[in-house]
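Observations on chain architecture
What follows is each chain in one-letter form.
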2 protein chains.
Amino acid sequence: MNEKFFSLPKEKQQCIINAGYNVFSQNSYKKSPMSEIADAAGISKSLLFHYFRNKKELYLYLWDEGARITTEYMTRHDCYKKADLFEMMERSMKAKLEIMRIYPNLATFTLKAFYEKDPEVHDDIQKSFANYFSTKAQNAIEGLDPDDFVPGTDLRLMYREMYWTSIGYMWEMMQQGEIDADRLEKDFSDMLAFWKKIFLKEINQGDGSSD
Amino acid sequence: MNEKFFSLPKEKQQCIINAGYNVFSQNSYKKSPMSEIADAAGISKSLLFHYFRNKKELYLYLWDEGARITTEYMTRHDCYKKADLFEMMERSMKAKLEIMRIYPNLATFTLKAFYEKDPEVHDDIQKSFANYFSTKAQNAIEGLDPDDFVPGTDLRLMYREMYWTSIGYMWEMMQQGEIDADRLEKDFSDMLAFWKKIFLKEINQGDGSSD
DNA sequence: ATCGGTGTTGACCGGTTCGGTTAAAGTCGG
DNA sequence: CCGACTTTAACCGAACCGGTCAACACCGAT
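Residues numbered from 1 in each chain as written. Chains lettered and ligands numbered in written order. Predicted model: local features only at pLDDT ≥ 70, side-chain atom pairs only at ≥ 80, totals over all residues. Heavy atoms only, no water.

**Notes on helix α5 (residues 85-102) of chain A**
Residue and element names in this part refer to chain A. Here is the rule we go by: Strands here mean DSSP runs of E at least two residues long; helices mean DSSP runs of H or I at least four residues long; both are numbered from the N terminus. Between the first and last residue of a helix there are one fewer steps than residues, each counted as 1.5 Å, and that sum is the expected span. Only protein chains enter the calculation, and the probe is 1.4 Å; a residue is then buried if its accessible area is under 20% of its type maximum, exposed if over 50%, and partly exposed in between. What makes two residues a contact is simply this: any of their non-hydrogen atoms within 4.5 Å.
The end-to-end C-alpha separation of α5 is 26 Å, in line with the 26 Å expected for 18 residues at 1.5 Å each. Among the residues of α5, those classed as buried are L85, F86, M88, S92, M93, A95, L97, I99 and M100. In this fold, the buried residues of α5 make contact with α4 (55-76), α6 (106-115), α8 (155-176) and α9 (181-199).

**Considerations on the pattern of salt bridges**
Applied cut-off: Put simply, a salt bridge is a Lys or Arg side-chain nitrogen that is within 4 Å of an Asp or Glu carboxyl oxygen.
With the rule as written, the count across this model stands at 32 salt bridges over all chains. The partner of K186(A) in a salt bridge is D190(A), with the nearest N and O atoms 2.7 Å apart. Taken as a pair, K186(A) and D190(A) lie in helix α9 at a separation of four residues, close to a single helical turn. Here E87(B) ties to R91(B) by a salt bridge, and the two come within 2.9 Å at their closest N and O atoms. Remark: R91(B) and E87(B) occur in helix α5 (residues 85-102); sequence separation between them is four residues, near one turn of the helix. According to the relative accessible area criterion, E87(B) is partly exposed, its value standing at 31%.

**Overview of the protein's contact with DNA strand D**
Basically, it comes down to this: The criterion for a residue being near a molecule or strand is simple. One of its heavy atoms has to lie within 4 Å of it. Nitrogen and oxygen atoms within 3.5 Å of one another constitute a polar contact, given that in protein one can donate a hydrogen and the other can accept it, and given that sequence-neighbouring residues count only through two side-chain atoms.
Near DNA strand D, the surroundings consist of 16 residues, among which S46(A), Y51(A), M34(B), K45(B) and K55(B) are the closest. The separation between a base nitrogen of DNA strand D and a polar side-chain atom of S46(A) is 2.5 Å. Residue M34(B) places a main-chain N or O atom 3.0 Å away from a phosphate oxygen belonging to DNA strand D. Secondary-structure elements contributing two or more residues to the surface near DNA strand D are α3 (45-51) of chain A together with α2 (34-41) and α3 (45-51) of chain B. The leading source of residues in the surface near DNA strand D is α3(A), at four residues.

**A closer look at the interface of chain B and chain A**
The criterion, for reference: Once two parts are brought into contact, the accessible area they lose, counted with a 1.4 Å probe and summed over both, makes up the buried area.
The interface of chain B with chain A comprises 33 residues on the first partner and 33 residues on the second. Carbon and sulfur atoms make up 61% of the area that chain B and chain A hide from each other, which totals about 3300 Å². Where chain B meets chain A, there are four salt bridges. Salt-bridge contacts for K31(A) lead to E36(B); the nearest nitrogen and oxygen are separated by 2.9 Å. Applying the counting rule to chain B against chain A returns 16 residue pairs in polar contact (both at pLDDT 80 or more). If you list the elements that add at least two residues to the side of chain B that touches chain A, you get α6 (106-115), α8 (155-176) and α9 (181-199) of chain B. When residues in the side of chain B that touches chain A are grouped by element, the largest group, 14 residues, is from α8(B).

**Section: the side chain of S128(B)**
All names here are of chain B. Locating S128 in the fold gives a position in helix α7 (residues 122-132). Among the residues examined, S128 registers a relative accessible area of 13% and is labelled buried. A distance of 2.7 Å separates polar atoms of two side chains, one belonging to S128 and the other to W63. Contact partners of S128, with chain neighbours within four places excluded, come to W63 and D64.

**Some points on the protein's contact with DNA strand C**
Keep this limit in mind: Any residue that is not Ala, Val, Leu, Ile, Met, Phe, Trp, Tyr, Cys, Pro, Asp, Glu, Lys or Arg is counted as polar, Gly included; the first ten are nonpolar and the last four charged.
Surrounding DNA strand C, one finds 15 residues, the nearest of these being P33(A), K45(A), K55(A), S46(B) and Y51(B). Backbone atoms, meaning sugar and phosphate, make up 44% of the atoms of DNA strand C lying within 4 Å of the protein. Y51(B) places a polar side-chain atom, nitrogen or oxygen, 2.9 Å from a phosphate oxygen of DNA strand C. Secondary-structure elements contributing two or more residues to the surface near DNA strand C are α2 (34-41) and α3 of chain A together with α3 of chain B. Among the elements that take part in the surface near DNA strand C, α3(B) stands out by supplying four residues, more than any other. Looking at the surface near DNA strand C residue by residue, the class counts come to five nonpolar, seven polar and three charged.

All we've got here are geometric facts, nothing functional implied.
Here it is, written out as C-alpha cells:
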C-alpha cells in the first residue's frame, strides 16, 4: 500500500477506513465494490486505488488496522488485567463504545471478516486471527468463581447468552442504519445492570431507587 | 407467477424456495442474482424465469410464502392461544424449529426482508407486513403478571434480551454455514431452561435430577 | 416414425458493473 | 510560470446482470 495514505490528515484517513468498514460489513467481500467504498468516503475510485494497490490489500489493511485499534483501546482500558467478570465486561464495554464512536462498523466488520469464505482472503484472515487473538486467549469463563453468582447458574450458558445478546443487538441496529453510539451506550449499560441483577449473588440487595 | 410452479413435486418446490431464502438472506436484494438462486436450486436460470416472471415477483412470493408458512406452523402449535410466557415461548420455539428443519433460512430471510431498503421492494414488504403481523399484535410483554417472575425483574429488558439472544445466535450460525437443526434444537432448549431458571420465581425449587 | 405438448436448457442480448489503468486536470509553493 | 504533488474523468476489457428465445429432450397418442 501507498505510504502517502498515512500522511493524509487523520480525519480523512478515518473517513476512508470507515467507508471500508461500512461497505464490507454489509456485503460479502466479493460483492463489496471499490467504487461504493470510494463514494462512501467522498473520494474518487481512482484515488482509492492510488492509496491501496487493489481490493485485497485494502481489505487486509482494514482487518489489521481493526485488530490494532481494538487491542489499543482494550489495553488502554485495562481489559487485559484480570478482574471480576462484570468489571471486565464494563471495561471492555467502555473500550468498545469508545471505538464505536470513531469507527461505528469496526466490530461488525471484524465479525464478518472472520467468517468470510472467499478464497481470495480467507486464509490470510484466519492466519492473522490466530496471531492476533489466540495469544490473549479469551477464556473468560475459566477462572470464574461460581460462588460469586446466583447458585445454580450455568456460567457457560450465561456467557454465551451475553455474547449473543450483544451480537443480536448490533446486527439489528446495523440493519436499521448507522449506529447511534449514544443510544448504544444507554442500551448496553441497561443490559449490563440487568445482567448484574440477575446473575450476581447479592450486589443489589440494599439498593433503593436511585436515578 | 406461473401456476405450473405449484404442480411441481413438493420437494422440488421447496428446493427452489430454499435456494431463494438462502441467497436473499445472505445478500441484499439488489446483490442477490437470479443465477445464483438457480444454481443453488439445481436448475437453470431460464427455468427459474419460467416460473417467476422477474426477480421482484420471486422475492415477494418468497415473502408471502414465508408469512404463510410461519402463521400455519404457529397456529398448528397453538402459539396464538394465550398461555404463560414460557409456555408460549416453548410452543413458538417448537414451531419455528419445525419450520427450520424444512426451510433453514426462512427466519433470517424474513428478518432481512423486513429491513430491506431497496425501493423496488421496500414498500410492498412494509405494506404486506402491516397486513400480516400487526393484526396479531405481538404485545407479549403486556399482560404478563410480574408476580410470576423473580422480584425486581425488568420484564421489558428480559424480553429484549431473549429476543436479541435468538437473533445473535442465528446470525452467527448462519455465518458458519447451513443451519444444523438438531444442534439448534438442543441449544435453544438449553437456553429456554436457562431463562426459566433465572427469570421464573420458583418453578425449579423441588426439582431433582430427572432425565 | 411422427406429431404435438410439456419441461428444460444453452446461447444469446443489451446494459451495467467490476477491478484496475492512464492521461490529464487541478492545486500550490517558489 | 514552473515543477511537484494531489485528485479525477475517462477509459478498458472482462465479467455479470435481468431477461428472452429458439431449440432440445422426453413422452404419450396417433
